[in-house]
Amino acid sequence: MSQKDIKKGLIIFLVVIILLTTGIFTLIYFLKKQGEDEIQKTDELSQIVKDLITTEGVVETLSFDPTINPSFKKYLFLRERHTGINGNIYYYYYSTGENDLLGTESFITEKDPDGVILMEKHTEIVGYYGEEKPENKAVKTAYILYYVKLPEKCIVLRDTIWGTNPPPIAYRHRTSGSGEYPRLLEVVDRVKKAINNN
């Protein structure tokens, strides 16, 4: 290899490293900014929604009435997460991705929304890799969606969206494995069907 080829290879290597580094920092900045925006939007929600999402274990406290139609017109999608904002503790937060795709972002400041959809993560042990020990578990993942009618504060629909199955074998010196959670578009499609079909 000539000296010129070595210099050319080194320059290409450095350019690739710079591009990768720039891309990683841009992604980190974008995710941090999105998280800050979601926190701010959560703090701007109407009081009826804030009262709901500042209650720990709120889903267990709500009644269930499947006779009420979940065809909400003005609703928001909220993900489960314990977050402290301006002295308040929220157990769910405004999720930009789902609300943008559902077209519900304009209801962020709605004083009288007719519903919220609360999404929680769920896991279920479906088997074991080898011996039946906690560290050998095979886990299937899911999201559980609770459609909450407001101002009644009652669950009118509960929907479980399962993710992928855990891998058939545990990989790379791991003794456990889990499937992937459902993708964003799967969740949004499921919500659209539930809201429009009832």
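The structure presented is a predicted model; accordingly, all values stated were derived computationally and were not measured.

Asker: Is there a simple way to explain the overall build of the protein in this structure?
Answerer: Helix and strand counts for the protein come out as 5 helices and 7 strands. Across the protein, helices and strands are ordered from the amino to the carboxyl terminus as α-α-α-β-β-β-α-β-β-β-β-α. Burial analysis of the protein (198 residues in total) assigns 37% to the buried set. Put simply, the protein shows about 12,300 Å² of open surface, and 56% of that area lies on carbon and sulfur atoms.

Asker: How should I be thinking about the side chain of Glu120 in this particular structure?
Answerer: Within the fold, Glu120 resides in strand β4 (residues 115–128). When sequence neighbours within four positions are dropped, the list of residues in contact with Glu120 reads Val59, Glu80, Tyr92, Ala142, Tyr143, Ile144 and Tyr146.

Asker: What am I meant to see in a nonpolar patch on the surface here?
Answerer: Together, Leu10, Ile12, Phe13, Leu14, Val16, Ile17, Ile18 and Leu20 make up a nonpolar patch on the protein surface, roughly 760 Å² of accessible area in all. Examined against the element boundaries, Ile18 turns out to sit in helix α1 (residues 3–43). Taking relative accessible area as the criterion, Ile18 reaches 54% and is therefore assigned exposed.

Asker: Is there a simple way to explain the environment of Arg190 in this structure?
Answerer: Residue placement: Arg190 occurs in helix α5 (residues 184–197). Between the C-alpha atom of Arg190 and that of Ile161, which follows or precedes it by 29 residues, the distance is 8.2 Å.

Asker: I keep staring at the pairing of strand β6 (residues 154–162) and nothing clicks. Help me out?
Answerer: Along any regular strand, the residues point their side chains to alternate faces of the sheet. Where strand β1 (residues 63–64) and β6 come together, 2 bridges link them in parallel fashion. What sits directly across from Phe64, in β6, is Ile155. Note: strand β5 (residues 137–149) against β6, 8 bridges, orientation antiparallel. Within the sheet, the bridge partner assigned to Ala142 lies in β6 and is Trp162.

Asker: Looking at this model, I keep getting lost on the packing of aromatic side chains. Mind explaining?
Answerer: Both the distance between ring centres and the angle between the ring planes are used here to describe each pair of aromatic rings. Evaluation of the coordinates by the stated rule reveals 2 aromatic pairs. When the ring of Phe72 is compared with that of Tyr75, the centres are 6.2 Å apart and the planes differ by 50 degrees; the resulting orientation is tilted. Of the residues examined, Phe72 reaches a relative accessible area of 3% and is grouped as buried. Here the basic side chain of Lys121 rests over the ring of Tyr181, its NZ or CZ set 5.0 Å away from the ring centre.

Asker: What exactly am I supposed to notice about the nonpolar core here?
Answerer: Side chains that are nonpolar tend, in soluble globular proteins, to be buried together. Among the nonpolar cores identified, the biggest contains 22 residues, and Ile53, Leu78, Tyr92, Val116, Leu118 and Val148 are the most heavily contacted of them. Among the secondary structure elements, those contributing two or more residues to this core are α2 (47–53), α3 (58–61), β2 (75–85), β3 (88–94), β4 and β5. A total of 4 residues in this core trace back to one element, the largest contributor, which is β3. If sequence neighbours within four positions are ignored, Leu118 has contacts with Leu52, Ile53, Val58, Val59, Leu78, Tyr92, Ile144, Leu145, Tyr146 and Val148.

Asker: What am I meant to see in the pattern of salt bridges here?
Answerer: Opposite charge on two side chains lets them pair, provided their charged atoms get close. Applying the stated criterion across every chain, the model contains 7 salt bridges. The residue Lys133 makes a salt bridge to Glu131 at a minimum N-O spacing of 3.9 Å. On the basis of relative accessibility, which here comes to 33%, the residue Lys133 falls in the partly exposed class. With relative accessibility at 53%, the residue Glu131 sits in the exposed group. With a closest N to O distance of 3.2 Å, Glu180 and Arg183 form a salt bridge.

Asker: Mind showing me how you'd approach unusual backbone geometry here?
Answerer: For residues that are not glycine, phi is negative in most cases, and the peptide bond is trans in most cases. With an omega of 5 degrees, the peptide bond between Leu150 and Pro151 qualifies as cis. By the element assignment, Pro151 lies in the loop between β5 and β6. Positioned with a positive phi, Lys153 is a non-glycine residue whose angle comes to about 55 degrees. Note on placement: Lys153 falls in the loop between β5 and β6.

Cut-offs applied
The residue numbers shown here count from 1 along each chain, following its written sequence. Given that this is a predicted model, residues contribute local features only at a pLDDT of at least 70 and side-chain atom pairs are listed and counted only at 80 or more, while totals for whole chains, interfaces and linings are drawn from all residues. Side-chain numbers come from the whole structure's heavy atoms, not from hydrogens or water. The numbering of helices and of strands both runs from the N terminus, where a helix is a DSSP run of H or I of at least 4 residues and a strand a run of E of at least 2. Each residue is assigned to one of three classes by its accessible area relative to the maximum for its type, calculated with a 1.4 Å probe on protein chains only: buried under 20%, partly exposed between the two thresholds, exposed over 50%. For the accessible areas, the method is Shrake-Rupley and the probe is 1.4 Å, while residue cover comes only from the protein chains on display. Pairs of residues are marked as contacts when any of their non-hydrogen atoms sit within 4.5 Å. Two joining distances apply to patches: 9 Å for like charges and 5 Å for nonpolar side chains (Val, Leu, Ile, Met, Phe, Trp, Tyr), and every residue must have over 30% relative accessible area and no salt bridge. One side-chain nitrogen of Lys or Arg within 4 Å of one carboxyl oxygen of Asp or Glu is enough to make a salt bridge. We treat two strands as partners when DSSP finds at least two bridges between them. Aromatic rings from Phe, Tyr and Trp, taking only the six-membered ring of Trp, are treated as a pair when their centres fall within 6.5 Å; an angle between ring planes under 30 degrees marks them as stacked, one over 60 as edge-to-face, and anything in between as tilted. To sit over a ring, a charge needs its Lys NZ or Arg CZ within 6 Å of the ring centre and within 35 degrees of the ring normal. Working definition of a nonpolar core: buried Ala, Val, Leu, Ile, Met, Phe, Trp, Tyr and Cys residues. They are joined through side-chain atoms within 4.5 Å.

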